[in-house]
Amino acid sequence: MTILVTGGAGFIGSNFVLDWLATGDEPVVTLDALTYAGNLANLSPLDGDARHKFVRGSIGDGALLGGLLRGHEVRAVVNFAAESHVDRSISGPAAFFETNVMGTLHLLEAVRAYVAGLDDAARASFRLLHVSTDEVYGTLAHDEAAFAETNPYKPNSPYAASKASSDHVVRAYRETFGLPVLVTNCSNNYGPLQFPEKLIPLVIHNALNGKALPVYGDGLQVRDWLYVGDHCAALRRVLEAGAPGETYNVGGDNQKTNIEVVRTICALLDARRPRADGLSYAGQITHVTDRPGHDRRYAIDARKLERELGWRPAQGFERGLAKTVDWYLGNEAWVANVTSGAYREWVARQYG
Ligand code: NAD
Ligand code: DAU
């Protein structure tokens with residue numbers, strides 16, 4: 001038995017692959033296009049591990065996908081492959097629809113053809129888990145109930161619209177072709193190996209480099225932060241026991257304003273690596289122009305996942321954030337690598 005993980009060199013995907021092989025022995029094939037956000041070094045603990053195979057390629061390549069599915073007799077696919085950064089979707093939306101919508105469509109087509117050729121038992125146990133986001137539900141007022149699986153889709157950014165579209169296509173393949181799909185919609189993740197374009201690693205990186213810590217608008221936007229290891233545990237559980245055709249919300253039950261998160265990071269850095277002048281990193285906080293169409297608040301109601309599959313987040317935020325800051329302090333070479341552009345040159349040399 002083998003699983004295929006698409007987008008497995010990115011932040012959540014690489015955490016998932018590492019967790020998967022740390023908690024079991026079922027082999028993994030990782031397929032990743034290695035865009036700016038994908039980093040093979042994330043998977044370097046698996047170098048030489050016969051249970052893991054890495055393939056560089058796109059979910060848009062149906063022939064490649066078909067070959068991998070058949071060649072490895074794949075019994076499940078977990079799809080993380082996506083363009084994932086909201087700000088990039090505002091400056092250049094097209095790539096998001098190309099990858100997140102058309103890429104997902106090509107993946108579904110390849111899986112449909114593969115599943116059609118399986119025997120009855122293999123077809124019955126096959127699963128495609130599509131990893132999606134809470135942003136498909138839009139935004140919440142400060143006193144509104146958290147997003148449940150029954151909330152209507154109201155995406156506000158091009159990124160969210162592309163993810164919402166992909167969820168709809170996945171759903172249609174279930175309804176029309178009977179594909180055994182599962183969808184998860186998760187809140188903001190944080191933890192090791194997150195590309196420093198996202199708020200938490202960006203703030204750590206900028207703080208240590210004496211740069212401004214950009215807080216959009218008033219900084220009172222709310223996100224529901226989940227430690228990436230908890231997300232991986234939820235995905236393993238959904239793959240194991242989720243009902244085909246179902247959607248599961250995943251969240252940290254942990255709502256924080258952005259300014260609160262940034263101030264907490266500053267305090268953690270003040271204690272661990274004090275500035276030379278003895279002043280707090282909080283002095284570097286700078287309020288900047290708000291993100292267009294910025295969603296005010298996300299909050300996830302994950303009770304279905306708890307009730308039906310027994311999952312709950314295990315990692316508290318204070319400790320999880322401290323672990324994350326410690327990881328970035330201990331892995332400055334990783335950060336330098338992904339921020340210098342050297343990694344992309346290496347990929348070009350390595351893969352031609
Ligand atoms: P990421 O940007 O760190 O990683 C995405 C990965 O996909 C990269 O390795 C990239 O190289 C790869 N990729 C891009 N286009 C590809 C293609 N055409 N074919 C194959 N691989 C391709 O993203 P992430 O934060 O790890 O998010 C992973 C998934 O989880 C995304 O689908 C995202 O929408 C979803 N999600 C993310 C969060 C979060 O807080 N980061 C929360 C909920 C859901
Ligand atoms: O909710 C899940 C989503 O969380 C995922 O689907 C996305 O892939 C992931 O990128 C994330 O989206 P956000 O837009 O919420 O994450 P980001 O880290 O970009 O921003 C978090 C909050 O911080 C958001 O309110 C915008 C704000 N922000 C972000 C950056 C990069 C700032 O104030 N300053 C910044 O420089």
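The model shown is predicted, which means the values in this text are computed figures rather than measured ones.

Reading the values: rules and limits
- Residues numbered from 1 in each chain as written.
- Chains lettered and ligands numbered in written order.
- Predicted model: local features only at pLDDT ≥ 70, side-chain atom pairs only at ≥ 80, totals over all residues.
- Heavy atoms only, no water.
- Pairing = 2+ DSSP bridges.
- Helix = DSSP H or I, 4+ residues; strand = E, 2+ residues; numbered from the N terminus.
- Axes fitted to C-alpha atoms, helices over the stretch in contact; angles between N-to-C directions.
- Polar contact = N/O pair within 3.5 Å; in protein donor to acceptor, adjacent residues only side chain to side chain.
- Contact = heavy atoms within 4.5 Å.
- Phe/Tyr/Trp six-rings, centres within 6.5 Å; stacked < 30°, edge-to-face > 60°.
- Buried < 20%, exposed > 50% of the residue type's maximum accessible area, 1.4 Å probe, protein only.
- Lys NZ or Arg CZ within 6 Å of the ring centre and 35° of its normal.
- Near = heavy atom within 4 Å.
- Nonpolar A, V, L, I, M, F, W, Y, C, P; charged D, E, K, R; others polar.
- Salt bridge = Lys/Arg side-chain N within 4 Å of Asp/Glu carboxyl O.
- Areas by Shrake-Rupley, 256 points an atom, 1.4 Å probe, with all protein chains shown as cover.
- Right-handed = clockwise from strand over helix to strand, strands pointing away.

**Some points on the sheet that holds strand β6 (residues 181-186)**
A sheet is described by the order of its strands in space; here seven strands give the open sequence β3-β2-β1-β4-β5-β6-β11, paired in parallel fashion. Edge positions in the open sheet fall to β3 (52-56) and β11 (247-250), since each of these has one partner strand only. When the angles between neighbouring strand axes are averaged without regard to direction, this sheet yields 20 degrees. Where strand β1 (residues 2-6) lies against strand β2 (residues 28-32), four bridges are found, and the strand directions are parallel.

**A word on the side chain of S157**
Summarising the element assignment, S157 is placed in the loop between β5 (127-133) and α6 (158-177). Among the polar contacts listed, one links the side chain of S157 to the backbone nitrogen of A160, at a separation of 2.9 Å. With residues up to four places along the chain from it excluded, the contact list for S157 reads V86, S89 and E135.

**A word on the packing of aromatic side chains**
Applying the stated criterion across every chain yields a total of 15 aromatic pairs. Arranged with centres 5.4 Å apart and planes meeting at 50 degrees, the rings of F16 and F80 form a pair that is tilted. Residue F16 is found in helix α1 (residues 11-23), and its partner F80 is found in the loop between β4 (74-79) and α3 (86-91); the two are separated by 64 residues along the sequence. A ring pair is formed by Y190 and W225, whose centres lie 6.4 Å apart and whose planes are at 80 degrees; its orientation type is edge-to-face. Separated by 35 residues along the polypeptide, Y190 in strand β7 (residues 189-190) and W225 in the loop between β9 (222-224) and β10 (226-227) bring together distant segments of the chain. For Y190, a relative accessible area of 0% corresponds to the buried category. Put simply, the rings of Y137, F147, Y153 and Y298 pair up and form one aromatic cluster. Over the ring of Y36 we find R88, and its NZ or CZ is 3.4 Å from the ring centre. Residue placement shows K304 over the ring face of Y248; its charged tip is 4.8 Å from the ring centre.

**Remarks on the site of ligand 1**
Inspection of the region around ligand 1 gives 28 residues, with I12, D32, S84, Y159 and K163 positioned closest. Residue Y159 places a side-chain N or O atom 2.6 Å away from an oxygen atom belonging to ligand 1. Elements that contribute at least two residues to the shell around ligand 1 include exactly α1, β5 and α6. The biggest single contributor to the shell around ligand 1 is β5, with three residues. Residues belonging to the shell around ligand 1 are distributed by class as follows: 13 nonpolar, 13 polar and two charged.

**Some words on the environment of G138**
Residue position: G138 is located in the loop between β5 and α6. By relative accessible area, G138 is classed as buried at 0%. Residues within four places of G138 in sequence aside, it is in contact with F147, K154, P155, N156, D295 and Y298.

**Looking at the pattern of salt bridges**
Applying the stated criterion across every chain, the model contains 17 salt bridges. The partner of R237 in a salt bridge is E240, with the nearest N and O atoms 2.5 Å apart. Highlighted residues: R237 and E240, both in helix α8 (residues 228-241), separated by three residues, approximately one helical turn. With relative accessibility at 28%, the residue R237 sits in the partly exposed group.

**As for unusual backbone geometry**
For L193, which is not glycine, the phi dihedral falls at a positive 75 degrees. Take L193: it is sitting in the loop between β7 and α7 (199-208). Looking at L193, the relative accessible area reads 10%, which means it is buried. Phi at D253 takes a positive value of approximately 50 degrees, unusual for a residue other than glycine. Mapped onto the fold, D253 is located in the loop between β11 and β12 (255-257).

**As for the site of ligand 2**
Around ligand 2 sit 23 residues in total, of which T133, D134, Y159, R291 and H294 are the nearest. In the model, a nitrogen atom of ligand 2 is placed 2.8 Å from a nitrogen or oxygen of the P214 main chain. Residue H294 places a side-chain N or O atom 2.7 Å away from an oxygen atom belonging to ligand 2. Here ligand 2 loses 94% of its free accessible area of 680 Å² to cover by the protein chains. The set of elements that each furnish at least two residues to the shell around ligand 2 consists of α3, α7 and β8 (213-216). Top contributing element to the shell around ligand 2 by residue count: β8, with three residues. Here the residues of the shell around ligand 2 are counted per class, giving nine nonpolar, seven polar and seven charged.

**With respect to the pairing of β1**
Buried residues dominate β1, accounting for five of its five residues. Taking every second residue as pointing to the same face, both faces of β1 are buried, with T2, L4 and T6 on one and I3 and V5 on the other. Of the pairings in the sheet, the one linking β1 to β4 comprises five bridges and is parallel in character. Counted as the bridge partner of T2 is V74 from β4. Crossover connection from β1 via α1 to parallel β2: handedness right-handed.

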